[in-house]
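If you want the building blocks of each chain, they are given just below.
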Amino acid sequence: MHRTLALVAARAAASGIGPVGISRVDSRHVLIADKLDNAVILVDILRGGAAGRREMDASPRYRAGDATTWPDVVGVGTCASCNFAWVTTNRDERLYKLSFAAPLANDTSG
């Protein structure tokens, strides 16, 4: 487990700003808050790739394509049976609830 986590951290460090928040979904998946991509990304840590992505568009200031309006996600928290994630930003003092179409456990069952 420690070697897998180190591998994920090494990849994150290589991309500049990159992922800044991480939340365990289950034994195979994590949800990452990626400031550079203005999104939360579901990552399969065993396969080593993205299994899903949700743009952080919950902010009332958000305009697609205009990075100055992005909320800069910095923290994320969720669970396998949740169909949402709590997301924090560094642009304002708000806690956002970012909804998904189904619980994350449904998206990771394959």
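The text that follows walks through the structure, step by step, so that each part is easy to find. Computed from a predicted structure; not experimentally measured. (Residues numbered from 1 in each chain as written. Predicted model: local features only at pLDDT ≥ 70, side-chain atom pairs only at ≥ 80, totals over all residues. Heavy atoms only, no water.)

1. Quick look at the overall build of the protein chain
Piece 1. Summing up its helical and strand segments, the protein chain has 2 helices and 7 strands in all.
Piece 2. Evaluated residue by residue, the protein chain yields a buried proportion of 37% over its 110 residues.
Piece 3. At a minimum sequence separation of 6, the contacts of the protein chain that also span at least 24 residues come to 33%.
Piece 4. Taken as a whole, the protein chain presents about 6300 Å² of accessible surface, with 55% of it coming from carbon and sulfur. (Helix = DSSP H or I, 4+ residues; strand = E, 2+ residues; numbered from the N terminus. Buried < 20%, exposed > 50% of the residue type's maximum accessible area, 1.4 Å probe, protein only. Contact = heavy atoms within 4.5 Å. Areas by Shrake-Rupley, 256 points an atom, 1.4 Å probe, with all protein chains shown as cover.)

2. Some details on the state of the cysteines
Piece 1. Enumeration according to the criterion identifies 1 disulfide in this entry.
Piece 2. Each sulfur in the disulfide pair C79 and C82 lies 2.1 Å from the other. Given an S-S torsion of about 95°, the disulfide between C79 and C82 has right-handed geometry. (Disulfide = S-S within 2.5 Å.)

3. Some remarks on the nonpolar core
Piece 1. Core analysis: the biggest nonpolar cluster contains 14 residues, and L31, V40, V76 and V87 have the highest contact counts within it.
Piece 2. Apart from the residues lying within four places of it in its own chain, the contact partners of V40 are L31, I32, A33, G52, R53, R54, V76, V87, L98 and F100.
Piece 3. In terms of nonpolar packing, the next biggest core, distinct from the first, is built from 5 residues, V30, I32, V43 and I45 among them. (Core = buried A, V, L, I, M, F, W, Y, C linked by side-chain atoms within 4.5 Å.)

4. Overview of the packing of aromatic side chains
Piece 1. The tally for this structure, following the rule as stated, stands at 1 aromatic pair.
Piece 2. Ring geometry for F84 against W86: centres 5.7 Å apart, planes inclined by 75°, an arrangement best described as edge-to-face.
Piece 3. You can call F84 buried: its relative accessible area is 18%.
Piece 4. Take W86: its relative accessible area is 39%, and that puts it in the partly exposed class.
Piece 5. Sitting over the face of the ring of F84, K97 holds its NZ or CZ atom 4.6 Å from the ring centroid. (Phe/Tyr/Trp six-rings, centres within 6.5 Å; stacked < 30°, edge-to-face > 60°. Lys NZ or Arg CZ within 6 Å of the ring centre and 35° of its normal.)

5. Some words on the pairing of strand β5 (residues 73-77)
Piece 1. In terms of strand pairing, β5 meets strand β6 (residues 84-89) through 4 bridges, oriented antiparallel. Bridge pairing links V73 to T89 in β6.
Piece 2. As consecutive antiparallel partners, β5 and β6 are separated by 6 residues. (Pairing = 2+ DSSP bridges.)

6. As for the pattern of salt bridges
Piece 1. Under the criterion given, the structure shown has 2 salt bridges.
Piece 2. Of the charged contacts, one joins D44 and R47 as a salt bridge, the two residues approaching to 3.8 Å between their closest N and O atoms.
Piece 3. Among the residues examined, D44 registers a relative accessible area of 5% and is labelled buried.
Piece 4. A cluster of three or more residues bridged by salt bridges with shared partners is formed by R28, D44 and R47. (Salt bridge = Lys/Arg side-chain N within 4 Å of Asp/Glu carboxyl O.)

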